[in-house]
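Coordinates in review
Single-letter residue listing:
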Amino acid sequence: MALSLDFTNMFLPGVVTDAEWSESAGRLRGAHDAVMERHARGELGFIDLPEDQALLEQTTRYAERARGRWTDVVVLGIGGSALGPIALRTALRPFGWNGLSDEARAGNPRLHVLDNVDPDTITATLATLPLDRTLFLVISKSGGTAETMAQYLLVRGALDARFGARAVEHLVFVTDPAKGSLRPIATRESIAALDIPANVGGRFSVLSPVGLLPAALIGIDVTALLAGAADMRRRCVDGDLATNPAGTFAVLQWLAHARHGRGIHVLMPYADPLRDFAAWFVQLWAESLGKILPDGTSVGPTPVPALGATDQHSQVQLFMEGPADKTVTFVAVAGREARGPIPALHADVPDLAYLGGHTLGELLEIERRATAGALAARGRPNMTLTLDTVDPWHVGALIQFLELATAYAGELYGVNAFDQPGVELGKRFTYGMMGRPGFEAARDEFAALPQSDASRRI
Ligand SMILES: O=P(O)(O)OC[C@H]1O[C@](O)(CO)[C@@H](O)[C@@H]1O
């Protein structure tokens, strides 16, 4: 099977029981029906993205026209508008844009994703780019996020100064079809603009032009990406616990948390190309599920990113012997056993000699199995998602798997997985302090908070 989930190690003494598992069948059916009802009402557009031919064509047509013109593509965005493009770049153009030789890039541009407003990073990036050969993708669902707008203003200033009226040729916006500040600017100035459907939220948008456009521009097969996602969508077409992999994952995570206090959910790929998927998953799981219930109770799991084997020498000590409050989901990649043969040298040095004749691929997979076994031996629940290979099809399937699982988990936790009210207060304080009109009350509310106390500084 192209993407499989082994959840044997969730059924350990003191963790998920067979009785809980059987009882969960109805629970998943309820969650699935609730998700599908919202979808039928026109919400949760992420479910339609794998089969949205119009958006795929919009994207590929733009990428075709751009072919050969740019050496560098820069995404301006943050959160869901940056983490998806980064995860795709790392997975499918491995070793980073700057690690690929010109030949390996086969004429495709390099992809940079700003993802922050650190002045040093942005200034340094802009200073090194060949502006005349650089395309900037301004990606924002809301079309108004402060960080992205600030990045845009900086870039726009540089482009205007250099190219005058032709600056707009270096820009493409990816945003809501109607709302936000970017759309009217695009219309007024004839800047190319691609759509994020109104019913697709930022962290669920990687399979819209948010992820597809940067991916297509650097030569990733976005048709295969969507085909893999569509296949996963079909596998999750009903709410049957025996056949729905995303539902199974969501139910197990929820049971481990709600029934057994395992609310820290580690995602640990054993494959460098998938390392940034863990960061993408963190936003998806955290921003979707960390919420306040109507009765005032705060709920939600805490996602933690990790990387195998690297984190075996860092976080795994905590996973093994720290508080019994975690689940670990490994992501394995099959079929790499022959890769990276280790030379048989130093036959007289036992600490080295046993490695000779094995391969790096074998070592990595054995280390993953050893860690999973060791955790299980200590009663620490874990699962393994296995991809046959890391290619666009499998990455698309992985994305749709985790997005559907998040939607189901929202129902199981009893929260709306598709809003993020908790980030608003900090934004209002920022606007107030930055002098944005209409946010004077927020500025005053912030000023009235207890201020930093000199006696508590060192
Ligand atoms: O794509 P936008 O609208 O600029 O939002 C960026 C990010 O900001 C948030 O709205 C809040 O953190 C995320 O949900 C979103 O991914």
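Residues numbered from 1 in each chain as written. Predicted model: local features only at pLDDT ≥ 70, side-chain atom pairs only at ≥ 80, totals over all residues. Heavy atoms only, no water.

Here we come to the sheet that holds strand E12 (residues 382-387). Pairing between the strands of a sheet comes from backbone hydrogen bonds, and it takes one of two forms, parallel or antiparallel. Strand order in the open sheet formed by 5 strands is E1-E12-E11-E7-E10, and the pairing between neighbours is mixed. Every other strand in the sheet has two partners, leaving strand E1 (3-6) and strand E10 (302-305) as the edge strands with one partner each. The average angle at which neighbouring strand axes cross in this sheet is 20°, direction not considered. For strand E11 (residues 326-333) and E12, the ladder comprises 6 bridges, and the chain directions are parallel. By the bridge assignment for E12, Phe 330 is matched with Thr 384. (Pairing = 2+ DSSP bridges. Helix = DSSP H or I, 4+ residues; strand = E, 2+ residues; numbered from the N terminus. Axes fitted to C-alpha atoms, helices over the stretch in contact; angles between N-to-C directions.)

Attention now moves to the domain arrangement of the protein chain. When cut into domains, the protein chain gives domain 1 (3-39 + 227-413) and domain 2 (45-220). Contacts between the two partners involve 30 residues from domain 1 and, on the opposite side, 22 residues from domain 2. Here Glu 51 ties to Arg 234 by a salt bridge, and the two come within 3.7 Å at their closest N and O atoms. On inspection of domain 1 and its partner domain 2, the count reaches 6 residue pairs in polar contact (both at pLDDT 80 or more). Elements with a contribution of two residues or more to the side of domain 1 that touches domain 2: helix H1 (18-40), helix H9 (222-235), helix H11 (275-289) and helix H15 (392-413). Residue classes in the side of domain 1 that touches domain 2 are distributed as 16 nonpolar, 5 polar and 9 charged. (Domains from an automatic or database assignment. Contact = heavy atoms within 4.5 Å. Salt bridge = Lys/Arg side-chain N within 4 Å of Asp/Glu carboxyl O. Polar contact = N/O pair within 3.5 Å; in protein donor to acceptor, adjacent residues only side chain to side chain. Nonpolar A, V, L, I, M, F, W, Y, C, P; charged D, E, K, R; others polar.)

In this section: the packing of aromatic side chains. The geometry of an aromatic ring pair comes down to the distance between the two centres and the angle between the two planes. In the structure shown here, the tally under the stated rule is 14 aromatic pairs. Clustering of aromatic rings is evident, with ring pairs tying together Phe 249, Phe 281, Trp 285 and Phe 401. Taking NZ or CZ as reference, Arg 436 lies 4.3 Å from the ring centre of Tyr 431, over its face. (Phe/Tyr/Trp six-rings, centres within 6.5 Å; stacked < 30°, edge-to-face > 60°. Lys NZ or Arg CZ within 6 Å of the ring centre and 35° of its normal.)

Another aspect to go through is the pairing of E12. Remark: a regular strand shows side chains that alternate across the two faces of the sheet. Of all the 6 residues making up E12, 5 are buried; the element is thus mostly covered by neighbouring parts of the structure. The pairing of E1 with E12 spans 4 bridges and is antiparallel. Of the residues in E12, the one forming a bridge with Ser 4 is Thr 386. (Buried < 20%, exposed > 50% of the residue type's maximum accessible area, 1.4 Å probe, protein only.)

Further remarks concern the sheet that holds strand E2 (residues 72-76). Ordered by their spatial adjacency, 5 strands build an open sheet running E3-E2-E4-E5-E6, and the pairing between neighbours is parallel. Of all strands in the sheet, those with a lone pairing partner are strand E3 (110-113) and strand E6 (192-195), marking the two edges. Across the sheet, the mean angle separating the axes of adjacent strands is 20° when strand polarity is ignored. Seen against the sheet, helix H8 (residues 209-217) touches E2, E3, strand E4 (134-140), strand E5 (171-175) and E6 and runs at an angle of roughly 165° to E4.

Residue Gly 308 is joined to Ala 309 through a cis peptide bond whose omega torsion reads -5°. Structurally, the position occupied by Ala 309 is in the loop between E10 and helix H12 (316-321). The phi dihedral of Asp 115 is positive, around 60°, even though this residue is not glycine. Locating Asp 115 in the fold gives a position in the loop between E3 and helix H5 (119-128). Asp 115 sits in the partly exposed class, given a relative accessible area of 22%. For His 346, which is not a glycine, the phi torsion comes out positive at approximately 55°.

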